[in-house]
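Here is how the chains run, residue by residue.
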Amino acid sequence: MAIMNKQITIIRHAKSDWSAGCRDFNRALNDRGNNDALLIGKYLHANELHFDRVYCSTANRAKLTLEKLNTSLKLPKESIQFEESLYLASLTHLISVTNITT
C-alpha cells in the first residue's frame, strides 16, 4: 500500500490599502503589497514549490495577491478554485474546504 503525503500551504494576502475607504472585502493591495506578492511568487517558483490545487478567498486583496504570485508560478486556471467561504475562515474550515483527511 502506497503512503501519500499531503501538504497544505497557507498564504495570507499581501499588504492591503487601508486608505481606499472601501469595505474590508473590497480592499486592494497597496504598492508594498503588490511588490511583495511578486517577490513571493518569484521565491516560490525559484524554490520549486508546486501546488496541485489552490483555494483562494474571493476577497479582492486575496485575488490580487494570487494574481501577482501567479505571474511567476504559472498555475493553470483549472487548478485554482475561488471560495467565498474562505473570507475570515477558521483553520478548521480551511482544512475542510481542501478535503484533507488525516
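A brief report on the enclosed structure follows. (Residues numbered from 1 in each chain as written. Predicted model: local features only at pLDDT ≥ 70, side-chain atom pairs only at ≥ 80, totals over all residues. Heavy atoms only, no water.)

Observations regarding the layout of surface pockets
It is the rolling of a water-molecule-sized probe over the atoms that shows where space remains empty.
Here is step 1: Within this model, the largest pocket holds a volume of roughly 1400 Å³.
Here is step 2: What lines the largest pocket is a set of 42 residues, among which I8, T9, I10, I11 and Y55 lie closest to the centre.
Here is step 3: At the level of elements, β1 (54-57), α2 (60-73) and α3 (91-98) are the ones that each hand at least two residues to the lining of the largest pocket.
Here is step 4: Looking at the lining of the largest pocket, its residues break down into 24 nonpolar, 10 polar and eight charged. (1 Å grid on protein atoms, 1.4 Å probe; cavity = no way out; pocket = protein on both sides within 12 Å on 5 of 7 lines; lining within 4 Å. Points joined across faces, edges and corners; volume = space filled by probe spheres on them. Helix = DSSP H or I, 4+ residues; strand = E, 2+ residues; numbered from the N terminus. Nonpolar A, V, L, I, M, F, W, Y, C, P; charged D, E, K, R; others polar.)

Side note on α2
Here is step 1: With 14 residues, α2 should cover 20 Å at 1.5 Å per step; its first-to-last C-alpha distance of 19 Å lies within 8% of that length.
Here is step 2: Where α2 is buried, its residues meet α1 (31-46), β1 and β2 (80-83).
Here is step 3: Just downstream of α2, K74 is the residue with a positive phi angle, here 55°. (Expected span 1.5 Å × (residues − 1). Contact = heavy atoms within 4.5 Å.)

Here we look at the nonpolar core
Here is step 1: Membership of the largest hydrophobic core is limited to 12 residues, which are F25, L44, F51, V54, C56, A59, A62, L66, L69, L73, L75 and I80.
Here is step 2: Elements supplying a minimum of two residues to this core: β1 and α2.
Here is step 3: Here this core gets four residues from one element, more than from any other, and that element is α2.
Here is step 4: Look past the residues within four positions of L66 in its chain and what remains in contact with it is V54, C56, L75, I80 and F82. (Core = buried A, V, L, I, M, F, W, Y, C linked by side-chain atoms within 4.5 Å. Buried < 20%, exposed > 50% of the residue type's maximum accessible area, 1.4 Å probe, protein only.)

Remarks on the pairing of β1
Here is step 1: Here β1 pairs with β2 via four bridges, running parallel. What sits directly across from C56, in β2, is F82.
Here is step 2: Handedness of the crossover joining β1 and β2 through α2 is recorded here as right-handed. (Pairing = 2+ DSSP bridges. Right-handed = clockwise from strand over helix to strand, strands pointing away.)

Some remarks on a nonpolar patch on the surface
Here is step 1: Where nonpolar side chains cluster on the molecular surface, the patch consists of I8, I10, L91 and I95 and spans about 360 Å² of accessible area.
Here is step 2: Its place among the elements puts L91 in helix α3.
Here is step 3: Residue classification places L91 among the exposed positions, given a relative accessible area of 53%. (Patch = residues over 30% accessible without salt bridge, like charges linked within 9 Å, V, L, I, M, F, W, Y side chains within 5 Å. Areas by Shrake-Rupley, 256 points an atom, 1.4 Å probe, with all protein chains shown as cover. Salt bridge = Lys/Arg side-chain N within 4 Å of Asp/Glu carboxyl O.)

Overview of unusual backbone geometry
Here is step 1: Positioned with a positive phi, K74 is a non-glycine residue whose angle comes to about 55°.
Here is step 2: A positive phi angle is found at L88, which is not glycine, with a value near 65°.
Here is step 3: Here L88 shows up in the loop between β2 and α3.

A look at the environment of I95
Here is step 1: Tracing the sequence through the fold places I95 in helix α3.
Here is step 2: Spatially, the C-alpha atoms of I95 and R27 are 25 Å apart, while their sequence positions differ by 68 residues.

Describing the side chain of S72
Here is step 1: Relative to the helices and strands, S72 resides in helix α2.
Here is step 2: Apart from the residues within four sequence positions on either side, S72 is in contact with L38, G41, K42 and H45.

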